[in-house]
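Structure assessment
The primary structure of each chain is shown beneath.
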Amino acid sequence: MPELVQIENVGDAGPISIALGDLRLVSMIDSALADSARRSGEWLVCRPGCMQCCVGAFAISQLDARRLREGMTALAESDPERAARVQWRAKDYIERLGTGYPGDPVGGMLDETREAELQFEAFANDEVCPALDPDTGTCDLYAARPMTCRAFGPPIRSEEGLGVCELCFHGATDEEIAACEMEVDPDGLEEELLQRIKTESGVTGQTIVAFCLVD
């Protein structure tokens, strides 16, 4: 059972656990995605079997890592054969690519140096996420997927401006794209949860999906 770590200032219900806070965050992001998808209509072409966002390594937070590990535990209980296939793909991923990993090749923590960041930009760009079932083209851990996966596709604002998946919004004007913007975590709940994880466990930094799927 997840530890009950108290989180303040996350709504009017008072302090809550990290687990409950993450459920709230997931619900908020999923609702924002549904609202953006409604406004986007046919411009948003995301669908089961579309794997554009499942290719290439990307950094995930300790909150994402926690959720993925809990998802693997639940999958092992409900469908041990499928969980074993996910673990096999993850172990194969790490064994093949570990020597070039810009971080700890055992624990999976990414280095935070500028050199490591540049190395990561070229790391595993053509590799399929081990959580993806290659036969169905769908995620075996969809309910536990990282925040990056939950917000991929709709227009998202970053320091570089408003970005969308290259497969979506063909023919839309800049104004039409802006009208479909998805607002991600405006209250900073994710950062609050990450700070609590750091305070309670001392764990910080980022990793990648594969390291969260192995024993």
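Below or above, wherever it landed, is the structure these notes cover.

Okay, the overall build of the protein next. Looking only at helices and strands, the protein features seven helices and four strands. Its helices and strands in sequence order give the protein the pattern α-α-α-α-β-β-α-β-β-α-α, from N to C terminus. In terms of overall size, the protein behaves like a compact globule, its C-alpha atoms giving a radius of gyration of 18 Å where 215 residues would be expected to give roughly 17 Å. Based on the C-alpha atoms only, the size of the protein along its principal axes is roughly 45 × 45 × 40 Å. Nonlocal contacts in the protein, meaning residues at least 24 apart in sequence, comprise 74% of its contacts between residues at least 6 apart.

With that settled, consider helix H1 (residues 18–40). In an α-helix, one turn spans 3.6 residues; hence positions three or four apart end up facing the same way. Taking 1.5 Å as the rise per residue, H1 with 23 residues should run 33 Å; its terminal C-alpha atoms sit 32 Å apart, in good agreement. Every buried residue of H1 is listed here: Ile18, Gly21, Asp22, Leu25, Val26, Ile29, Ala32, Leu33, Ser36 and Ser40. The positive-phi residue at the C-terminal boundary of H1 is glycine 41, with phi of around 60 degrees.

The next subject is the packing of aromatic side chains. Between two aromatic rings, the relevant description is the distance of the centres plus the angle of the planes. In the structure shown here, the tally under the stated rule is four aromatic pairs. Cluster of aromatic residues (ring-pair linked, three or more members): Tyr101, Phe120, Phe123 and Phe211. Positioned above the aromatic ring of tyrosine 142, the side-chain terminus of arginine 145 is 3.7 Å from the ring centre.

On to helix H2 (residues 62–78), then. Here H2 is 17 residues long and its end C-alpha atoms lie 24 Å apart, about the 24 Å a rise of 1.5 Å per residue gives. For H2, the set of buried residues is Gln62, Leu63, Asp64, Ala65, Arg66, Arg67, Leu68, Gly71, Met72 and Leu75. Buried-residue contacts for H2 involve H1, helix H3 (80–97), helix H5 (147–150) and helix H7 (189–201). Capping the start of H2, serine 61 holds a side-chain oxygen 3.3 Å from the backbone nitrogen of leucine 63, two or three residues further along.

Under the counting rule described, the total for this entry stands at zero disulfides. The closest cysteine sulfur to the non-disulfide-bonded cysteine 50 is located on cysteine 46, 6.1 Å from its own sulfur.

Right, let's get into the environment of alanine 151. Tracing the backbone through its elements, the reader meets alanine 151 in the loop between H5 and strand E3 (156–158). Taking C-alpha positions, alanine 151 is 22 Å from leucine 110, a pair spaced 41 residues apart along the chain. Sequence-distant contacts of alanine 151, defined by excluding residues within four places in its chain, comprise Ile156, Met182 and Val184.

If you walk through the whole model with that rule in mind, you get 15 salt bridges. Across the pair arginine 145 and aspartate 30 runs a salt bridge, and its minimum N-O distance is 3.9 Å. Of the two residues, arginine 145 is situated in the loop between strand E2 (138–139) and H5 and aspartate 30 in helix H1; the sequence distance between them amounts to 115 residues. When its relative accessible area of 8% is taken as the criterion, arginine 145 is described as buried. By relative accessible area, which is 28% here, aspartate 30 ends up partly exposed. Between glutamate 127 and arginine 96 there is a salt bridge, with its nearest N and O atoms 2.9 Å apart. Residue glutamate 127 is found in the loop between helix H4 (114–121) and strand E1 (132–133), and its partner arginine 96 is found in helix H3; the two are separated by 31 residues along the sequence. Here the residues in one salt-bridge network are Asp79, Arg82, Arg89 and Asp140, joined through shared partners.

About the cut-offs
Residues numbered from 1 in each chain as written. Predicted model: local features only at pLDDT ≥ 70, side-chain atom pairs only at ≥ 80, totals over all residues. Heavy atoms only, no water. Helix = DSSP H or I, 4+ residues; strand = E, 2+ residues; numbered from the N terminus. Rg over C-alpha atoms; globule rule 2.2 N^0.38 Å. Contact = heavy atoms within 4.5 Å. Expected span 1.5 Å × (residues − 1). Buried < 20%, exposed > 50% of the residue type's maximum accessible area, 1.4 Å probe, protein only. Phe/Tyr/Trp six-rings, centres within 6.5 Å; stacked < 30°, edge-to-face > 60°. Lys NZ or Arg CZ within 6 Å of the ring centre and 35° of its normal. Polar contact = N/O pair within 3.5 Å; in protein donor to acceptor, adjacent residues only side chain to side chain. Disulfide = S-S within 2.5 Å. Salt bridge = Lys/Arg side-chain N within 4 Å of Asp/Glu carboxyl O.

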